[in-house]
Amino acid sequence: MERLETGIRAGRLSSAEYEANFSDLHPRLDNHEALVAADRCYFCYDAPCMTACPTSIDIPLFIRQISTGNPIGSAKTIFDQNILGGMCARVCPTEELCEQACVRNTAEERPVEIGRLQRYATDAAMTADKQFYRRAEPTGKKIAVVGAGPAGLAAAHRLAVKGNDVVIYDAKPKSGGLNEYGIATYKTVDDFAQKEVDYVLSIGGIEVKHDQQLGRDVSLADLQSQYDAVFLGLGLAGVNALRVDNETLPGVDDAVDFIAELRQARNKGDIAIGRRVVVLGGGMTAIDAAVQAKLLGAEEVTICYRRGKEHMNASEFEQDLATSKGVIIRHWLAPKSILSQDGKVAAIEVEYTALVDGRLTGTGETGVITADHILKAIGQTSKPPASGRCAWNPAVSQLTRKAAHRSKVSGPAATACSVAKTSPYLPSPTAATRPNPFTAP
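First things first, this report covers the structure right here in the doc. (Residues numbered from 1 in each chain as written. Predicted model: local features only at pLDDT ≥ 70, side-chain atom pairs only at ≥ 80, totals over all residues. Heavy atoms only, no water.)

### Let's talk about the layout of surface pockets
Then, in step 1: If you add up the space inside the second largest pocket, you get close to 500 Å³.
Then, in step 2: Lining the second largest pocket are 21 residues, and of these Thr-185, Asp-190, Arg-263, Ala-265 and Lys-268 sit closest to its centre.
Then, in step 3: At the level of elements, helix H1 (15–21) and helix H14 (255–264) are the ones that each hand at least two residues to the lining of the second largest pocket.
Then, in step 4: Grouping the amino acids of the lining of the second largest pocket by side-chain chemistry returns six nonpolar, six polar and nine charged. (1 Å grid on protein atoms, 1.4 Å probe; cavity = no way out; pocket = protein on both sides within 12 Å on 5 of 7 lines; lining within 4 Å. Points joined across faces, edges and corners; volume = space filled by probe spheres on them. Helix = DSSP H or I, 4+ residues; strand = E, 2+ residues; numbered from the N terminus. Nonpolar A, V, L, I, M, F, W, Y, C, P; charged D, E, K, R; others polar.)

Pasting the structure below:
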């Protein structure tokens, strides 16, 4: 297949190019690199990096453990607060959280590589299959968890450690949720998401039932009658509708579905991509979709965002990553209509916008961007279950208050709304139990 053939095509690159393009974005540090990186930490007593971490990991402690040649002990320090610390180390926007708060920035403008050190430690423990937790004496209680994503897995693990029996129901054929279906392929290679799931479930006492969707295969009322407590980690699915002409035209796809398809593909060459791609949105999903479109061989990829650069939810690091891959980012453009030719996407008409007195206003001027593939990444929506018998999990309220202002956080530390029936058997706050700040009351 010619690389520059117009239309949505698969196999635009050679197998060697696919392998190179989708290699690990931040390879694991080797032993010497980890010791050098750890030696840069001041081990602050009142560490601002720890305050900036949504999961309150004792960062100075785990780095000191690495510096003293104890990566396994370091991993335990991390997992005590965040059982999904391995994935967080790969995808958490550390450049806006712990590393931004690092005091090394003051003198050197170069923080300690906290994220890569966290990966070094957690990988060491998982590679050695080191298990730090044992189940307590059985409580006789049985808990249902809906959703095998980060929230559900973290809750199930803590519940199992406390001696409860747990059954997880998930609508997908594989566990992992966002980690399995929603993370950019180049950020988590070698099927790490499933390796982490296996590591979490190895505590025992957790059964997972796949292809079980709440409301279709199982009801909340049934779960409440069968179990002592129910934890709902429903996640966020889909993106907002564009509400423009020709939105359902072939060639207009959800960025979330595009990322999920690529994540599950055995052969990257099987994924079709347009020659000229337009991505609508300004968050992490938009960046992931745009970068991966480029890595799949798209000639021209343009992100259209309706506000300015300073309003983008994607971090500056992510924006810079996109531009370094050849992605064009254009601001103050709102989709107006999708133009077609011969029943296929031909271009997108955009309207120039402006921020006037804090309100987004169209200027009346329009432009056209040529495209044969449009990916929608314009935000996610979710509503809490309509049940008076459920309440927002009080166990996560403290973490929510601490991290609610960090709505840019993505990945396991900011998983979708996690709702649970009030119960004394609920787990304490973990990395994956942060409710959605936009929907929580």
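### Topic: empty space enclosed by the protein
Then, in step 1: If you walk through the whole model with that rule in mind, you get two cavities of 30 Å³ or more.
Then, in step 2: One number sums up the size of the largest cavity: a volume of about 140 Å³.
Then, in step 3: In terms of lining residues, the largest cavity is bounded by 16 residues, among which Cys-53, Cys-92, Thr-94, Cys-98 and Gln-118 are the most central.
Then, in step 4: Elements that contribute at least two residues to the lining of the largest cavity include exactly helix H6 (85–91) and helix H9 (114–127).
Then, in step 5: Counting residues per element, the lining of the largest cavity draws most heavily on H9, at three residues.
Then, in step 6: Within the lining of the largest cavity, the residues separate by chemical class into eleven nonpolar, five polar and no charged.
Then, in step 7: Of the pockets and cavities examined, the second largest cavity occupies roughly 100 Å³.
Then, in step 8: In terms of lining, the second largest cavity is formed by 16 residues, of which the most central are Cys-41, Cys-44, Cys-49, Cys-102 and Val-103.

### Re the sheet that holds strand S10 (residues 344–356)
Then, in step 1: Strand order in the open sheet formed by three strands is S9-S10-S11, and the pairing between neighbours is antiparallel. Where the open sheet ends on each side, the last strands, each with one partner, are strand S9 (333–341) and strand S11 (359–370). Ignoring strand direction, the axes of neighbouring strands in this sheet form an average angle of 20 degrees. (Pairing = 2+ DSSP bridges. Axes fitted to C-alpha atoms, helices over the stretch in contact; angles between N-to-C directions.)

### Let's talk about the side chain of Thr-188
Then, in step 1: As for its position among the elements, Thr-188 is in the loop between helix H11 (178–181) and helix H12 (192–201).
Then, in step 2: With relative accessibility at 3%, the residue Thr-188 sits in the buried group.
Then, in step 3: Contacts of Thr-188, omitting those with residues within four sequence positions, involve Met-87, Arg-90, Ile-183, Ala-193 and Arg-263. (Buried < 20%, exposed > 50% of the residue type's maximum accessible area, 1.4 Å probe, protein only. Contact = heavy atoms within 4.5 Å.)

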